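Here's the letter readout for the chains.
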Amino acid sequence: EGRVGLREKGKWWKVIDGHGCFLADEQIDELFVTIRDWVKSCGLSFYDRKAHTGLLRYAVIRSTTLGQTMVNLVTSSLPKNETTDFVRSDKIGSATFHPTTFIWSQNSTITDVSYGDKLETITGPGYIEEEISTNRYRISPNAFFQTNPHGATILLKTVEEFCGDLSGKTLLDLYCGSG
């Protein structure tokens, strides 16, 4: 139906239009408004989670404390006769659209997930970077990464306290996404 926002509690198929995240970074809020306006006027079909029809599924927006932003536009796979012009422009709506990186992901399944199995970098390097403590992380579109960098800093310090001195030892961070 072209709604852009968060899901309604207890209703996996229902989106509250215009409802942003109160905890999100200001950069995410700004990109959210631009994308929401574009979605309302783009003329593309919207994905129906029950009928498994339509094109536009998700716009996943990420930001880092380094000022970098990523928009991952997730669609269904395109029919052969459909054009891709809608995603290959630096303009979305009337606003100039300049995230650090812009990814177009196509999801070829009926699964309701916010990532695709075919990715194309439209602009930027195809990733963003975050710095936690003295560690720099490269975050790709489908990567799991702690969404709250301030919380990630606390988690990292807690692990360091529990582990103690690791001089001459190797610590494996398994099954934790980007680390």
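The structure we're discussing is the one just above.
As the structure is a prediction and not an experimental result, all values here were calculated from the model.

Draft legend 1. View of the sheet that holds strand E3 (residues 56-63). Across the sheet, 4 strands lie side by side as E3-E4-E7-E8; this open sheet has mixed pairing. The sheet is open, and its two borders are formed by E3 and strand E8 (118-123), each paired with just one other strand. Neighbour-to-neighbour, the strand axes of this sheet turn through a mean angle of 20°, independent of strand direction. One ladder, built from 7 bridges, connects strand E4 (residues 69-76) with strand E7 (residues 101-107); its direction is parallel. Note on E7: the bridge partner recorded for Val71 is Phe102.

Draft legend 2. Structural context of the nonpolar core. Residues Ile35, Trp38, Ile61, Val71, Phe97 and Phe102 are the most contacted members of the largest nonpolar core, which totals 18 residues. Only helix H1 (26-41), E3, E4 and E7 provide two or more residues apiece to this core. In terms of residue count, H1 provides more of this core than any other element does, 6 residues in total. The next biggest cluster of nonpolar side chains, apart from the first, holds 9 residues, and it includes Tyr137, Ile139, Ala143 and Ala152.

Draft legend 3. Layout of the side chain of Glu130. Topologically, Glu130 is positioned in strand E9 (residues 128-132). Here Glu130 occupies a buried position and makes no salt bridge, while the nearest side chain of opposite charge, Arg136, is found at 8.2 Å. Ignoring sequence-local partners within four residues, the contact set of Glu130 consists of Ser63, Thr64, Thr65, Leu66, Asn135, Arg136, Tyr137, Ile139, Phe145 and Pro149.

Draft legend 4. Structural context of helix H2 (residues 149-163). A rise of 1.5 Å per residue sets the reference length of H2, with its 15 residues, at 21 Å; its end C-alpha atoms lie 21 Å apart and thus fit the reference within 8%. Capping the start of H2 is the job of one residue whose side-chain oxygen sits 2.9 Å from the backbone nitrogen of His150: Asn148. A positive phi of about 75° marks Gly164, the residue just after H2.

Definitions and limits used
Each residue is numbered by its place in its chain's sequence as written, counting from 1. Since the coordinates come from a predicted model, pLDDT governs what is reported: local features require at least 70, and pairs of side-chain atoms require 80 or more to be given and counted, while whole-chain, interface and lining totals use all residues. Note that water and hydrogens are dropped before the side-chain values are worked out from all heavy atoms of the structure. Between any two strands, pairing holds if DSSP finds at least two bridges. We count a stretch as a helix when DSSP gives it H or I for four or more residues in a row; a strand needs E for two or more, and each element gets its number in order from the N terminus. Note on definitions: angles span 0 to 180 degrees between N-to-C directions of axes, and those axes are lines fitted to C-alpha atoms, for helices only across the stretch in contact. Side-chain atoms within 4.5 Å are what join buried Ala, Val, Leu, Ile, Met, Phe, Trp, Tyr and Cys residues into a set we call a nonpolar core. Only protein chains enter the calculation, and the probe is 1.4 Å; a residue is then buried if its accessible area is under 20% of its type maximum, exposed if over 50%, and partly exposed in between. His is not counted, nor are the chain ends; Lys and Arg add positive charge and Asp and Glu add negative charge. Basic side-chain nitrogens of Lys or Arg form a salt bridge, by our definition, when they fall within 4 Å of a carboxyl oxygen of Asp or Glu. Should any heavy atoms of two residues lie within 4.5 Å, those residues are counted as being in contact. Given a helix with a known number of residues, its expected span is that number minus one, times 1.5 Å. Any pair of nitrogen or oxygen atoms within 3.5 Å is treated as a polar contact; in protein, a donor-acceptor pairing is required on top of that, and neighbouring residues in sequence qualify only through side-chain atoms on both sides.

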